[in-house]
Each structure stands twice: as structure tokens, then as C-alpha cells.
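Results of the structural survey
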Amino acid sequence: MKTTLAGLKKGQKAIITDLNIDAVPLKLLEMGCLPGNTVELLQVAPLGDPIYINVNESHVAIRLETAAQIDVEFLTDTR
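Residues numbered from 1 in each chain as written. Predicted model: local features only at pLDDT ≥ 70, side-chain atom pairs only at ≥ 80, totals over all residues. Heavy atoms only, no water.

**Details of the overall build of the protein chain**
Counting its regular elements, the protein chain contains two helices and six strands. The order of α-helices and β-strands along the protein chain, N terminus first, is β-β-α-β-β-β-α-β. Computed over its C-alpha atoms, the radius of gyration of the protein chain comes to 11 Å, within 12% of the 12 Å expected for a compact globule of 79 residues. Once the C-alpha set of the protein chain is aligned to its principal axes, its extents read approximately 30 × 25 × 20 Å. Burial statistics for the protein chain: of 79 residues in total, 30% are counted as buried. (Helix = DSSP H or I, 4+ residues; strand = E, 2+ residues; numbered from the N terminus. Rg over C-alpha atoms; globule rule 2.2 N^0.38 Å. Buried < 20%, exposed > 50% of the residue type's maximum accessible area, 1.4 Å probe, protein only.)

Given below as C-alpha cells:
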């Protein structure tokens, strides 16, 4: 099942399948936020934005606006 990074729930893992290269900051790309890498949603801020993810063994906080530009495919569903 495909969705965006913004659609993950806490604890879910997914593989990045595509992203909007113009909307994703270069720093995220340099940290490994690239197609083929695994990403896990670790935490969501109390008001829902930003989200805290683990990608390429790096823990990163990103805004939902950016996360919505990253397409993923679920690995596991821990709902």
C-alpha cells in the first residue's frame, strides 16, 4: 500500500519510493532520505507537526508539509 511519509503512524516502517526533489530540502537528501531507503516514524509532536523519523540511522524532525512530498510503501503495519 502506498502513501506519503505524512500518512505513517507511530512505529510504522516504510520504504521511500519517490519524492518531489524541488520540495524536499537538500539536507534531508544528504542525510539519506532517498528512494530505496527505509524510514520509521518514531514520534509525533503534541500538535501533530513536526514528526520525528529515523532514516538511514539518522533521527530527523521534519514538517508535515515536507513529509507529504515523500512517497512511501509500507513495510510493516503496527496499528
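**Points about the environment of Ile70**
Among the structural elements, Ile70 can be located in strand E6 (residues 70-76). In the structure, Ile70 is positioned 61 residues away from Lys9 in sequence and 15 Å away in space, judged by C-alpha atoms. The residues touching Ile70, leaving out its near neighbours within four places in the chain, are Thr3, Thr4, Leu5, Ile16, Asp18, Leu19, Val24 and Cys33. (Contact = heavy atoms within 4.5 Å.)

**Overview of the environment of Leu41**
Take Leu41: it is sitting in strand E3 (residues 38-44). Residue class for Leu41 comes out buried when judged on its relative accessible area of 3%.

**Some words on the side chain of Thr66**
Examined against the element boundaries, Thr66 turns out to sit in helix H2 (residues 64-67). The exposure class of Thr66 is buried, given its relative accessible area of 14%. Excluding anything up to four places from it in sequence, Thr66 contacts Ala23, Val24, Pro25 and Leu28.

**Brief notes about the environment of Val60**
Among the structural elements, Val60 can be located in strand E5 (residues 58-62). With relative accessibility at 8%, the residue Val60 sits in the buried group. For the pair Val60 and Leu41, spaced 19 residues apart in sequence, the C-alpha separation works out to 9.8 Å. Excluding residues that lie within four positions of it along the chain, Val60 makes contacts with Leu28, Met31, Ile51, Tyr52, Ile53 and Val55.

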